[in-house]
Amino acid sequence: MKKSSYLLIAALMFVFVVLAACAPERSDDTEESDGESGSTETTEKPESLTIWANDEEKQLEAVEDIAANYEEETGITVNVEVKSMLDQMEELALAGPEGNGPDLFFQPHDRIGNIVAQGLAEPVEIPEDVMNSYSDAAVDAITYKYDNETNQYGFPAVIETYGIFYNTDIVEEEPKTVDDLMALLENKTNPSNDEYGFLMKPNDLYFAIPFFNNYGGYIFGGDAGEYDTEDIGLNNEGSVEGGKLFQSFFGQGKIPPSTTTDVIDGLFNDGKVGAVINGPWSIVGYKEALGDKLAFAPFPTINGEPAQTFVGVKSWMVSYYSENKEWAADLAAFMTNPESSQHYYEVAGELVPSKEALESIEDPIYAAFAEQIKHGVPMPSTPAMQQVWEPFNNALQFIAEGEDVKPVLDESVEQIKTNIEASGVE
């Protein structure tokens, strides 16, 4: 045999030995998951998992309960560490590379673009049955395209939107259309006594977006999670029409363009306002002030269609730095299954994306929020969205003050495009 043949055989044997040494060891501790994700059948079960939970008391209580249930079912210790949701991204960027970060962390979906760009989160594979248990808006919210690949980032745990709170002493019937809101404003308003049939902020895109969405306006083109940030529809024909409708609520004898959140909440709690726009975070304060007089309705229809309000979703995200990604995903799936979601809703008082849990809500206010979620659209999760808020909020203020709608919207969109280009995001 030629010397070159011996050398080739020796080289092949060396490669085989190296590959065999590098292969992952199978362990007798390998088990099929008792959770929901179905991704851990051949993965060694860890002794523990760590999650970063938000620092709100009731939320934390619910999370600890669910984590204890997972421990009981799987034998895996779940370490729940309290970490403000606002601080988690920055701290994960520091702790993760050092091996001190969590397996799961908790974030709102509109930060997904930034989280993924920083390499902090692992895309997850959600089994079809688990995916189908979440509301459509929640699935859209956690879906994001990055580097030409579309994936899900996180298991949705909390969902919220907004609608109309009203005082039944002033508003006899639930406002079902935007014309009903205008009728309240015109018939129940006496500015000299600080009395208003309806109030809303003049400069808040978050609450104003249905006026634009329902006429064919939009922030970015493309599908949810796959945004075309060069295609901005906030000054198209539909947006101009929606802007004119929005403007009609402000001015002399109507909503003062100087109205602030504090003014709205103060007058509503004092029983001087018939109806306001707000979300579930305001329920406790409003109930304390108004008691049984407080009622809630989905956002009234605009242009003959259900209002397309913004939807926000908070999810459990798998850390890129986790050494137990499959089991972390399994825990996240367990924490957001229908049974766990129902418990979270009952303890934390936040709406959950589980279809089963949403449909079983008996409280009339929360049930109305659940109804509105069906028509909502997720806030864009691209980092470019951060360049939209200020220019468009300023535009809304100018519109409320009576300036011509089309030029204001045109200028706002140009500023948004300039901001996006300057920021370097896509």
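This text goes with the structure placed above it.
Residues numbered from 1 in each chain as written. Predicted model: local features only at pLDDT ≥ 70, side-chain atom pairs only at ≥ 80, totals over all residues. Heavy atoms only, no water.

Colleague: Would you explain the packing of helix α8 (residues 205-213) against helix α16 (residues 389-400) in this entry?
Modeller: Two quantities define a packed helix pair, namely the angle between the helix axes and the distance between the axes. Running from amino to carboxyl end, α8 crosses α16 at an angle of 70°, the nearest separation of the two axes being 11 Å. One element, α8, and the other, α16, form an angle in the roughly perpendicular class. Seen from above, α8 lies across α16 with left-handed handedness. On the side of α8, the interface is formed by Leu 205, Tyr 206, Ala 208 and Phe 212, while α16 contributes Trp 389, Phe 392, Asn 393 and Leu 396. The residue inventory of the contact of α8 with α16, partitioned by class, reads 7 nonpolar, 1 polar and no charged. (Axes fitted to C-alpha atoms, helices over the stretch in contact; angles between N-to-C directions. Helix = DSSP H or I, 4+ residues; strand = E, 2+ residues; numbered from the N terminus. Parallel < 35°, antiparallel > 145°, perpendicular 65-115°, else oblique. Left-handed = near helix turned anticlockwise from the far one by under 90°. Contact = heavy atoms within 4.5 Å. Nonpolar A, V, L, I, M, F, W, Y, C, P; charged D, E, K, R; others polar.)

Colleague: How should I be thinking about the nonpolar core in this particular structure?
Modeller: Soluble globular proteins: nonpolar side chains tend toward being buried together. One finds Phe 165, Phe 198, Leu 205, Phe 211, Phe 249, Phe 310 and Trp 316 to be the most contacted residues of the largest nonpolar core, which totals 121 residues. Beyond its immediate chain neighbours, meaning those up to four positions away, Phe 211 contacts Val 178, Met 200, Gly 242, Leu 245, Phe 246, Phe 249, Phe 299 and Ile 302. If you look at the next biggest cluster of nonpolar residues, it comprises 13 residues, including Ile 112, Ile 115, Val 116 and Leu 120. (Core = buried A, V, L, I, M, F, W, Y, C linked by side-chain atoms within 4.5 Å. Buried < 20%, exposed > 50% of the residue type's maximum accessible area, 1.4 Å probe, protein only.)

Colleague: Honestly, helix α2 (residues 57-74) in this entry has me stumped. Any pointers?
Modeller: Along an α-helix, residues three or four positions apart point the same way, because every turn accommodates 3.6 residues. Spanning 18 residues, α2 covers 26 Å between terminal C-alpha atoms, matching the ideal 26 Å at 1.5 Å per step. When we look at burial in α2, the residues that qualify are Gln 59, Leu 60, Ala 62, Val 63, Ile 66, Ala 67, Tyr 70 and Thr 74. Down the axis of α2, the sector holding all buried residues measures 160°, keeping them to one side. Facing away from the buried side of α2 by more than 90 degrees, the exposed set consists of Glu 57 and Glu 72. For α2, the elements touching its buried residues are β1 (48-53), β2 (77-82), β13 (310-318), α12 (325-335) and α13 (338-348). You can read the cap of α2 off the contacts: a side-chain oxygen lies 3.0 Å from the backbone nitrogen of Lys 58, and it is on Glu 56. (Expected span 1.5 Å × (residues − 1). Arc of directions from axis to C-beta. Polar contact = N/O pair within 3.5 Å; in protein donor to acceptor, adjacent residues only side chain to side chain.)

Colleague: Just checking my understanding: could you explain the packing of aromatic side chains for this structure?
Modeller: The geometry of an aromatic ring pair comes down to the distance between the two centres and the angle between the two planes. Here the structure, examined in full by the defined rule, presents 23 aromatic pairs. Look at Phe 211 and Phe 299: their rings are 6.4 Å apart centre to centre, the planes differ by 85°, and that puts the pair in the edge-to-face class. Here Phe 211 is found in helix α8, whereas its partner Phe 299 is found in the loop between β12 (294-297) and β13, with 88 residues between them in sequence. The pair Phe 211 / Phe 299 is uniform in exposure class, with both members buried. By way of ring pairs, the aromatic residues Tyr 162, Phe 198, Tyr 206, Phe 207, Phe 211, Phe 246, Phe 249, Phe 250, Trp 281, Phe 299, Phe 310 and Trp 389 are connected into one cluster. Sitting over the face of the ring of Trp 52, Lys 83 holds its NZ or CZ atom 4.8 Å from the ring centroid. (Phe/Tyr/Trp six-rings, centres within 6.5 Å; stacked < 30°, edge-to-face > 60°. Lys NZ or Arg CZ within 6 Å of the ring centre and 35° of its normal.)

Colleague: Could you clarify how one ought to interpret the packing of helix α10 (residues 261-269) against helix α11 (residues 283-290) in this entry?
Modeller: It is at 9 Å that the axes of α10 and α11 come closest, and there the two elements cross at 35°. Two secondary-structure elements touch here, α10 through Asp 265, Phe 268 and Asn 269 and α11 through Gly 285, Tyr 286, Ala 289 and Leu 290. Looking at the contact of α10 with α11, its residues break down into 4 nonpolar, 2 polar and 1 charged.

Colleague: I'm lost on the pattern of salt bridges in this one. Help?
Modeller: Close approach of charged atoms allows side chains of opposite charge to pair. Under the definition given, this model contains 9 salt bridges. A salt bridge links Glu 91 to Lys 83; the nearest nitrogen and oxygen atoms lie 3.0 Å apart. Across the salt bridge formed by Asp 410 and Lys 406, the nearest N and O atoms sit 3.1 Å from each other. Of this pair, Asp 410 and Lys 406 both sit in helix α17 (residues 405-423), separated by 4 residues, roughly a single helical turn. (Salt bridge = Lys/Arg side-chain N within 4 Å of Asp/Glu carboxyl O.)

Colleague: Looking at this structure, I do not really get the sheet that holds strand β11 (residues 273-278). What am I missing?
Modeller: In any sheet, the strands associate via hydrogen bonds between backbone groups, in a parallel or an antiparallel arrangement. The 4 strands lie next to each other as β8-β11-β7-β12, forming an open sheet whose pairing is mixed. Two strands close off the open sheet at either side, each with one partner strand: β8 (196-199) and β12. Averaged over all adjacent pairs, the angle separating strand axes in this sheet is 20°, with direction ignored. Bridge analysis of β8 against β11 gives 3 bridges, and the strand direction is parallel. Following the sheet pairing, Phe 198 is matched in β11 by Ala 275. Its contacts with the sheet place helix α7 (residues 178-187) against β7 (163-167), β8 and β11, and it is angled at close to 135° to β8. Packing against the sheet, α10 makes contact with β7, β8, β11 and β12, and its axis sits at approximately 135° to β11. (Pairing = 2+ DSSP bridges.)

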